[in-house]
Amino acid sequence: MADNSSFPSKKNEVLAMLYVQSQDLSQKSPVEIAEMYEQAYHQIDQYYGDKLSKDVQNGKWSL
């Protein structure tokens, strides 16, 4: 089955992938690399969520 979506499709995915690619992966297993990606993705996602909340509170954004 063909998948029409492309990776990465979100800024968080791009940044997480760039982070993982910049690490020394020579001694990492595929599972460890996946965990690194997931951790980076969620930290970046949390950062942007927190930043948006602060911007809304400070009147920079309105919902």
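Please read all numbers here as calculations on a predicted model, not as lab measurements.

> What's the story with the overall build of the chain in this structure? I'm lost.
Helix and strand counts for the chain come out as two helices and zero strands. Burial analysis of the chain (63 residues in total) assigns 16% to the buried set. Here the analysis covers contacts within the chain between residues at least 6 apart in sequence; of these, 47% occur between residues at least 24 apart. Element-wise, carbon and sulfur atoms account for 53% of the exposed surface of the chain, whose accessible area totals about 5,400 Å².

> So what exactly am I meant to see when it comes to the nonpolar core here?
The nonpolar side chains of soluble globular proteins are, as a tendency, buried together. One finds Ala16, Val20, Met36, Tyr37, Ala40, Tyr41 and Ile44 forming the largest nonpolar core, which totals seven residues. Going through the elements one at a time, α1 (11-21) and α2 (30-57) are the ones with two or more residues in this core. A total of five residues in this core trace back to one element, the largest contributor, which is α2.

> Teacher, can you tell me more about a nonpolar patch on the surface here?
On the surface, Val14, Leu15 and Leu18 cluster together to form a nonpolar patch covering roughly 220 Å² of accessible area. One can find Leu18 in helix α1. For Leu18, a relative accessible area of 48% translates into the label partly exposed.

> Help me understand the side chain of Glu13, please; the structure alone is not making it clear to me.
Tracing the chain through its elements places Glu13 in helix α1. For the buried Glu13, no salt bridge is present, and the opposite-charge side chain at shortest range is Lys10, 5.4 Å distant.

> Looking at this structure, I do not really get the packing of aromatic side chains. What am I missing?
Two descriptors summarise a pair of aromatic rings, namely the distance from one centre to the other and the angle between the planes of the rings. Under the defined criterion, the tally for this structure stands at two aromatic pairs. Relative to Tyr41, the ring of Tyr37 lies with its centre 6.2 Å away and its plane at 25 degrees, an arrangement referred to as stacked. Here the residue Tyr37 and the residue Tyr41 both occupy positions in helix α2, the gap between them amounting to four residues, near one helical turn. The same class applies to Tyr37 as to Tyr41, namely buried. Measuring from ring centre to ring centre gives 5.0 Å for Tyr47 and Tyr48, while their planes differ by 65 degrees; the resulting arrangement is edge-to-face. Tyr48 gets classed as partly exposed once you look at its relative accessible area, which sits at 26%.

What counts and how
Residues numbered from 1 in each chain as written. Predicted model: local features only at pLDDT ≥ 70, side-chain atom pairs only at ≥ 80, totals over all residues. Heavy atoms only, no water. Helix = DSSP H or I, 4+ residues; strand = E, 2+ residues; numbered from the N terminus. Buried < 20%, exposed > 50% of the residue type's maximum accessible area, 1.4 Å probe, protein only. Contact = heavy atoms within 4.5 Å. Areas by Shrake-Rupley, 256 points an atom, 1.4 Å probe, with all protein chains shown as cover. Core = buried A, V, L, I, M, F, W, Y, C linked by side-chain atoms within 4.5 Å. Patch = residues over 30% accessible without salt bridge, like charges linked within 9 Å, V, L, I, M, F, W, Y side chains within 5 Å. Salt bridge = Lys/Arg side-chain N within 4 Å of Asp/Glu carboxyl O. Lys, Arg positive; Asp, Glu negative; His and termini not counted. Phe/Tyr/Trp six-rings, centres within 6.5 Å; stacked < 30°, edge-to-face > 60°.

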